[in-house]
Each structure stands twice: as structure tokens, then as C-alpha cells.
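Descriptive analysis of the structure
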Amino acid sequence: IVEYQGVGRDITERKAAEENLLIMNMAIASSINGIGLADLEGKITYVNEAFLKIFGIPRFSEVLHKPVESLGHPANPGPGVKDVMRGLREKGIWKGEVLVIRKDGTRVHTHMTANMIRDTNGVPIAMMCSFIDITEKREAEREIQIMNTAIESAMNGIMIFDPAENLIYANQAVCSLMGAASLQDM
């Protein structure tokens, strides 16, 4: 042996980038929001556990490389997958409430945002969507609406005052008894 040679490279930046990428991947995977990614042809490339739970899908392998249209349900009365895809292709973004109907018929109310993922030059390279399950909120709103309807249509007069004894609500029965057309008249 005449000599030894070695080459060293500083990989600090690469290691930091790998760590940041791992953190971002773990954040997406563990998000409580359902997150899905698809290629530009609309084939699913990734979904996290929350996404699977919202759609009632037991395994990632059941959706991998499937068209996003396969997630739609023909009985869905609201905006469907085709509406979202059209919005994405035309504007690059779509957001709104979407009713997810699982294969077993269970209904999950969601707020969905979808957007194009773009490279550093602004060219679309993939699509992403995020779902928030708002089913409990919708059910609470419905119960409040039922109670409000019951109070408003009650035959007995119902009045509500704030702590300073200002009248803040009176149902139609109170208005009729007082000869007023509305709460504002009182």
C-alpha cells in the first residue's frame, strides 16, 4: 500500500432537508383533516388515515391509483366530484361543503378545500384536497333550527331578556298579544 485516499462531502443541508421532509410527511399523515393527493389525470396517489375514516375505507390500497370519481356516490344531492374537478381545472381551487356518502350509506357532512399543487414555475403537478368532518356541527344546527321553530310557533308568548333586562327575543305570540308586527316594533 502506497497511500490512502478519502473524499468527504458536507451533507448537512441534505440531512436538514430530509428531516424537514420527514416532518412534513408525518404532519400530513397524522392530520385530523382528511387529506388526499391525486395526479393531474385524477388518479389517487395518497390519502391519510383521516381521509380513509371520513370515506369509510378500511385500507389505502383500496383507493391507490383509482380515479377520484370512484369516491363519488350517485345519491349525493350536492356538489360532486365532477363539480370539484371542473372548479380545479378552471380556477385552480375549489371550496365548499360536500356530503360524503359512504358505501354503507352513512352520510358525513364535510367542508372541503381542493387546490392544484404547483411547481416553482407555477405549473400544476398534482391536486390536493382536504376534508373537515362537520357532521356534528350540522346536526347541532339542525337541532337548534327545530327548537327555534318550536319556540317561534308556540301558542304561548315567550320572551327572552339579557342580563340588563333588555328584551332580545319575543316570539310571534308575544308580538300578537302586544299588537306589534315584529320584535323591532316592540
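An account of the accompanying structure is given in this report. Every value quoted in this text rests on a predicted model; they were computed, and no experiment measured them.

Some details on the pattern of salt bridges
Scanning the entire structure with this criterion turns up seven salt bridges. Glu-97 is the partner of Arg-138 in a salt bridge, and the nearest nitrogen-oxygen pair spans 2.3 Å. Taken together, the residues span a long stretch of sequence, with Arg-138 in helix 4 (residues 135-152) and Glu-97 in strand 3 (residues 93-101) at a distance of 41 residues. Exposure remark for Arg-138: the relative accessible area of 33% places this residue in the partly exposed category. With a closest N to O distance of 3.4 Å, Glu-141 and Arg-138 form a salt bridge. Taken together, the residues Glu-141 and Arg-138, both in helix 4 and three residues apart, mark about one turn of the helix. Judged by relative accessible area, Glu-141 falls into the partly exposed class, the value being 35%. One continuous salt-bridge network, built from bridges that share partners, spans Glu-97, Lys-137, Arg-138 and Glu-141.

Re the environment of Leu-64
With respect to the helices and strands, the residue Leu-64 is situated in the loop between helix 2 (49-55) and helix 3 (81-91). Counting along the chain gives 10 residues from Leu-64 to Ile-54, while the straight-line C-alpha distance between them is 16 Å. In this view, Leu-64 contacts Ile-44 and Thr-45; residues no more than four positions away in its chain are not counted.

Side note on the nonpolar core
If you look at the biggest cluster of nonpolar residues, it comprises 24 residues, and the most contacted ones within it are Phe-51, Phe-55, Val-63, Leu-71, Met-112, Ala-114 and Phe-131. Of all elements in the fold, only strand 2 (44-47), helix 2, helix 3, strand 3, strand 4 (107-118) and strand 5 (124-133) reach the threshold of two or more residues within this core. Look past the residues within four positions of Leu-71 in its chain and what remains in contact with it is Ile-44, Phe-51, Phe-55, Ile-57 and Val-63.

Notes on the pairing of strand 5
As paired strands, strand 1 (residues 34-38) and strand 5 are joined by five bridges and run antiparallel to one another. Each residue of the ladder has a partner; that of Gly-36, found in strand 5, is Cys-129. Hairpin connection, strand 4 to strand 5: the antiparallel pair is bridged by five residues, and Gly-122 has positive phi, about 85°.

Overview of the layout of surface pockets
The space that makes up the largest pocket amounts to roughly 440 Å³. Of all the elements in the fold, those that place two or more residues in the lining of the largest pocket are strand 1, strand 2, helix 2, helix 3, strand 3, strand 4 and strand 5. Broken down by class, the residue content of the lining of the largest pocket amounts to 25 nonpolar, five polar and two charged. Approximately 280 Å³ is the volume attributed to the second largest pocket. Lining the second largest pocket are 15 residues, with Phe-55, Ile-57, Ser-70, Leu-71 and Lys-103 positioned closest to its centre.

Observations concerning unusual backbone geometry
Positive phi outside glycine occurs at His-65, with the angle close to 70°. Mapping His-65 onto the fold places it in the loop between helix 2 and helix 3. Located in the positive-phi region is Glu-165, a residue other than glycine, with phi close to 65°. Structurally, Glu-165 can be placed in the loop between strand 6 (159-161) and strand 7 (167-170). According to the relative accessible area criterion, Glu-165 is exposed, its value standing at 68%.

Some points on the environment of Ile-35
Structurally, Ile-35 is set in strand 1. Along the sequence, Ile-35 and Cys-175 sit 140 residues apart, while their C-alpha atoms lie 50 Å from each other. Ignoring sequence-local partners within four residues, the contact set of Ile-35 consists of Ile-28, Tyr-46, Val-47, Asn-48, Phe-51, Met-128, Cys-129 and Ser-130.

Reading the values: rules and limits
- Residues numbered from 1 in each chain as written.
- Predicted model: local features only at pLDDT ≥ 70, side-chain atom pairs only at ≥ 80, totals over all residues.
- Heavy atoms only, no water.
- Salt bridge = Lys/Arg side-chain N within 4 Å of Asp/Glu carboxyl O.
- Helix = DSSP H or I, 4+ residues; strand = E, 2+ residues; numbered from the N terminus.
- Buried < 20%, exposed > 50% of the residue type's maximum accessible area, 1.4 Å probe, protein only.
- Contact = heavy atoms within 4.5 Å.
- Core = buried A, V, L, I, M, F, W, Y, C linked by side-chain atoms within 4.5 Å.
- Pairing = 2+ DSSP bridges.
- 1 Å grid on protein atoms, 1.4 Å probe; cavity = no way out; pocket = protein on both sides within 12 Å on 5 of 7 lines; lining within 4 Å.
- Points joined across faces, edges and corners; volume = space filled by probe spheres on them.
- Nonpolar A, V, L, I, M, F, W, Y, C, P; charged D, E, K, R; others polar.

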